[in-house]
Amino acid sequence: MARPVRVVVLGSGSWGTTVAGLAAHNTPTLLWARNPDTAAEINEQRRNSRYLGDRELPEGLRATSDIVEAAHEADVLVVGVPSHAVRATLEQIADRLRAWVPILSLAKGLEPGTRLRPTQVVSECLPGHPVGLLSGPNIAGEIADGMAAAAVVAIQDDSVATALQPLFASKVFRVYRNTDVLGCELGGVLKNIVAIAAGMAEGLGVGDNTRAMVLTRGLAEMTRLGEAMGADPRTFAGLTGIGDLIATCTSPASRNRRVGEALARGLTLDEALAELGQVAEGVKTAPTVMELAREYDVEMPIAAEVEAVVAGRRTPAEAYRGLRKVAAGHEQDIV
Ligand SMILES: NC(=O)C1=CN([C@@H]2O[C@H](COP(=O)(O)OP(=O)(O)OC[C@H]3O[C@@H](n4cnc5c(N)ncnc54)[C@H](OP(=O)(O)O)[C@@H]3O)[C@@H](O)[C@H]2O)C=CC1
Ligand SMILES: O=C(CO)COP(=O)(O)O
């Protein structure tokens, strides 16, 4: 009888640990934590208290702080560290992975400097493997609590996606497939910036109509840039686009939204990030996205205002006043 597929997840933050927990219900799963104390807590107490509080992790989930041991074990590799850490993490396991192990990225940011998407960084560091992502409206704490949700495995080869789907799915976690890797990945990256804008709006005490406007015009910006870069615009109407945008912009648990709210309360960016203590990818991604907007000649007024706020050139109130000055064009102008 063939042995079960072994899933290895790199990164023991809130989402890496949660995804490892999903996989552990289906198949043997090993989680790499760079901090040995985190690995010990997961193995001995079945908890990751820093990121998931008191939530109990599945019995089958094992953890290690030895990344090379983790790589040797992988039949499927999941990369769950933040975007800025993907390259340095994977460089430690170059040549350590067996041939043709599929790799899924969880990261929703762009690599500072190179402007590469996480799947592109993965392909550069570990060439020759099928590379895709798992993405969708997935606030980690809710999924760790067993609340119903859905995500998408996006990978070019649909037969690989079909093989990966059941590893992460459960009765309450639906996993769809999509071959538009670019569109799915950009959805997760770009919604974080709109979520910072939504958080600022929340902090400034706007009304429901303003909230709806930010989400809808934010989606238009995401779709415009995505289409200009070669993505299928229909992807932005799916789970990894509007789905994730709604979850992140409306959930008080979203770290990106919380940063926006904190800035609107008058905290500096450093104070807001220190208060958060977790990653908010939109902060580092906003300047990179504005570089892409200029390169592809795409108008992104909301992202531009968010970038100006995180760079300290404007306050959230000034940013919202700035948005009022943007001329209202034809609603259906995409590119
Ligand atoms: N949380 C969520 O709800 C979701 C998050 N995501 C995405 O998943 C990715 C991971 O985020 P998430 O788990 O939330 O992040 P967290 O902030 O919860 O945790 C970050 C994790 O990455 C590790 N880490 C940080 N910097 C480095 C580094 N330089 N090298 C190696 N490891 C590092 C941390 O280790 P240590 O604890 O030792 O500092 C920790 O394990 C992000 O791109 C995020 O956008 C996607 C969907 C949902
Ligand atoms: O990507 C997420 C939900 O899908 C998590 O968003 P935050 O990083 O803003 O918490």
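Calculation criteria
Residues numbered from 1 in each chain as written. Chains lettered and ligands numbered in written order. Predicted model: local features only at pLDDT ≥ 70, side-chain atom pairs only at ≥ 80, totals over all residues. Heavy atoms only, no water. Helix = DSSP H or I, 4+ residues; strand = E, 2+ residues; numbered from the N terminus. Buried < 20%, exposed > 50% of the residue type's maximum accessible area, 1.4 Å probe, protein only. Polar contact = N/O pair within 3.5 Å; in protein donor to acceptor, adjacent residues only side chain to side chain. Contact = heavy atoms within 4.5 Å. UniProt positions renumbered as here; feature names shortened; annotations may be inferred. Domains from an automatic or database assignment. Buried area = accessible area lost by both parts, 1.4 Å probe. Salt bridge = Lys/Arg side-chain N within 4 Å of Asp/Glu carboxyl O. Pairing = 2+ DSSP bridges. Right-handed = clockwise from strand over helix to strand, strands pointing away. pLDDT = per-residue confidence, 0-100. Near = heavy atom within 4 Å. Areas by Shrake-Rupley, 256 points an atom, 1.4 Å probe, with all protein chains shown as cover. Nonpolar A, V, L, I, M, F, W, Y, C, P; charged D, E, K, R; others polar.

Q: Please clarify how the side chain of Asn48 should be interpreted in this entry.
A: Within the secondary structure, Asn48 is located in the loop between α2 (36–45) and α3 (49–52). Using a relative accessible area of 1% as the deciding quantity, one classes Asn48 as buried. A distance of 2.7 Å separates a polar atom in the side chain of Asn48 from the backbone oxygen of Ser12. Here Thr17 takes part through its side chain, which lies 3.0 Å from a polar atom of the side chain of Asn48. When sequence neighbours within four positions are dropped, the list of residues in contact with Asn48 reads Ser12, Gly13, Thr17, Thr38, Glu41, Ile42, Gly53 and Leu57.

Q: Looking at this structure, how should I read the UniProt feature "domain: Glycerol-3-phosphate dehydrogenase NAD-dependent N-terminal" (unreviewed entry) in the protein?
A: Within this numbering scheme, the UniProt entry marks residues 7–160 as carrying the feature "domain: Glycerol-3-phosphate dehydrogenase NAD-dependent N-terminal" (unreviewed entry). The distance separating the terminal C-alpha atoms of residues 7–160 is 14 Å; by composition the span is 35% helix and 19% strand.

Q: Please clarify how the domain arrangement of the protein should be interpreted in this entry.
A: The accessible area lost on association of the parts is a frequent measure of interface size. When cut into domains, the protein gives domain 1 (7–179) and domain 2 (182–324). Computed from C-alpha coordinates alone, the two centres of domain 1 and domain 2 are separated by 24 Å. Listed by partner, the interface residues are 27 residues for domain 1 and 29 residues for domain 2. For the pair domain 1 and domain 2, the summed buried surface comes to about 2,200 Å²; carbon and sulfur atoms form 62% of the total. Of all residues in domain 1, Lys108, Leu110 and Arg115 bury the most surface against domain 2, accounting for 31% of the area lost on that side. There are four salt bridges connecting domain 1 and domain 2. Close ionic contact of Arg115 with Glu295 constitutes a salt bridge, the shortest N to O distance being 2.1 Å. Counting the contacts that link domain 1 with domain 2 gives eight residue pairs in polar contact (both at pLDDT 80 or more). Listed by contribution, the elements that provide at least two residues to the side of domain 1 that touches domain 2 are α3, α6 (118–125), β6 (131–135), β7 (149–154) and β8 (173–178). Of the residues forming the side of domain 1 that touches domain 2, the biggest block, four residues, is contributed by β7.

Q: For this particular structure, what's the right way to read the environment of Asp232?
A: Turning to its location among the elements, Asp232 is positioned in the loop between α10 (208–229) and α11 (239–250). Using a relative accessible area of 23% as the deciding quantity, one classes Asp232 as partly exposed. The spacing of Asp232 and Asp180 is 52 residues in sequence and 6.8 Å in space, taken between C-alpha atoms.

Q: Got a minute to help me understand the pairing of β8 in this structure?
A: Every other side chain in a regular strand lies on the same face of the sheet, so the side chains alternate between the two faces. The pairing of β7 with β8 spans six bridges and is parallel. Opposite Ala151, over in β8, you have Val175 as the bridge partner. Once you follow β7 into helix α8 (residues 158–168) and on to β8, the crossover reads as right-handed.

Q: How should I be thinking about the confidence of the model for the protein in this particular structure?
A: For any part of a model where pLDDT is low, the fine detail of the predicted coordinates should not be relied upon. In this model, the protein carries a mean pLDDT of 96, and residues with pLDDT of at least 70 account for 99%. For this predicted complex, the interface confidence comes out at an ipTM of 0.99, alongside a pTM of 0.97.

Q: In this structure, what is going on with the site of ligand 2? I would like to understand it.
A: The local shell around ligand 2 consists of Lys108, Gly136, Pro137, Asn138, Ile139, Lys191, Asp244, Thr248, Ser254, Arg255 and Asn256. Between ligand 2 and Gly136 there is a distance of 3.0 Å, counted from an oxygen atom to a backbone nitrogen or oxygen. One of the side-chain N or O atoms of Asn256 is found 2.8 Å from an oxygen atom in ligand 2. Burial of ligand 2 by the protein chains amounts to 91% of its free accessible area of 310 Å². Listed by contribution, the elements that provide at least two residues to the shell around ligand 2 are α11 and α12 (255–264). Residue composition of the shell around ligand 2, by class: two nonpolar, five polar and four charged.

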